[in-house]
Amino acid sequence: MCTIASINAFTSCSNIHAATLGFGEFTTDNNVFKVASGVLEDLYIPNCTLIGANAFKDYESLIQVNAPSCLEIHSTAFAGCNSLSEVLFPMCINVGFGAFDGCLGITSIVFSNCQDVGDYAFQNCENLEYVELLNCSNIGYSTFYNCVNLSNLTLPGAAKVSLLYSNAFNNTPIADASYGNGTYGRICVPDNLVDYYKSATNWSYFSDQIVAISDFNLE
């Protein structure tokens, strides 16, 4: 039973279009699919619990990743995957440094269990419009920097999310109306937490953009 795919394990396998990996607990290592001219489009790793640093970095043909058991995505794991448009990580609790940096194909992200979204995790995802973090605890440094179309961040959980740095939304419509469609983006939070977020550390910079989820849903 395979438990780990090591560094450069599939180097030069340039004709792989789809892959299903892992039958038990599975961990990817650095650059596991580091292929300069690869054509991998669909990746299904049903029992993978951790995706290592740089595991699929710059894999420009990758379109879909489905990892239903993954708990952690390490630094720059999918950075530069320009075609990646569908990411399914329902159990993930930690997204590392620059994990999806420059993934131009992603338009929406929903993490049901993610607690920590790391520094630069989604920077330069220029077509990202919608992010939902159901159980988030912390959002890091420049997490959404240069997501120039990010118009909606939804934090529906009952817990209060810490925004560790005020620059998390630099070069996005949430911080600057000159991006996106020329209007400010929104931060949607539970009705009973609106006042908290409007005055909380670093969130207060975006007080005018913070709205109740119920109000947003009525529009």
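The structure this text deals with has already been given above.
Rules of the game
Residues numbered from 1 in each chain as written. Predicted model: local features only at pLDDT ≥ 70, side-chain atom pairs only at ≥ 80, totals over all residues. Heavy atoms only, no water. Helix = DSSP H or I, 4+ residues; strand = E, 2+ residues; numbered from the N terminus. Buried < 20%, exposed > 50% of the residue type's maximum accessible area, 1.4 Å probe, protein only. Contact = heavy atoms within 4.5 Å. Areas by Shrake-Rupley, 256 points an atom, 1.4 Å probe, with all protein chains shown as cover. Core = buried A, V, L, I, M, F, W, Y, C linked by side-chain atoms within 4.5 Å. Pairing = 2+ DSSP bridges. Axes fitted to C-alpha atoms, helices over the stretch in contact; angles between N-to-C directions.

Okay, the overall build of the chain next. If you tally the helices and strands in the chain, you get 2 helices and 17 strands. The buried share among the 219 residues of the chain stands at 46%. Sequence-distant contacts, at least 24 apart, represent 30% of the contacts inside the chain between residues at least 6 apart. Just so you have it, the chain exposes about 9500 Å², and 47% of that area is on carbon and sulfur atoms.

For the rest of this paragraph, the subject is the nonpolar core. Within the largest apolar cluster, 57 residues are counted, with the highest numbers of intra-cluster contacts made by F78, F89, F100, F122 and W203. Of all the secondary-structure elements, those providing two or more residues to this core are β5 (48-51), β10 (108-111), β12 (130-133), β16 (186-189), α1 (194-199) and β17 (210-212). Look past the residues within four positions of F122 in its chain and what remains in contact with it is V95, F100, I109, F111, V117, L128, T143, F144, Y145 and C147.

Our next topic: the sheet that holds strand β14 (residues 152-154). The 5 strands lie next to each other as β10-β12-β14-β16-β17, forming an open sheet whose pairing is parallel. One side of each edge strand has no neighbouring strand; the edge strands of this open sheet are β10 and β17. Taking the axes of each pair of neighbouring strands and ignoring which way they run, one obtains an average angle of 15° across the sheet. Across 3 bridges, the pairing between β14 and β16 is parallel. Residue pairing in the sheet places L153 in a bridge with I187 of β16.

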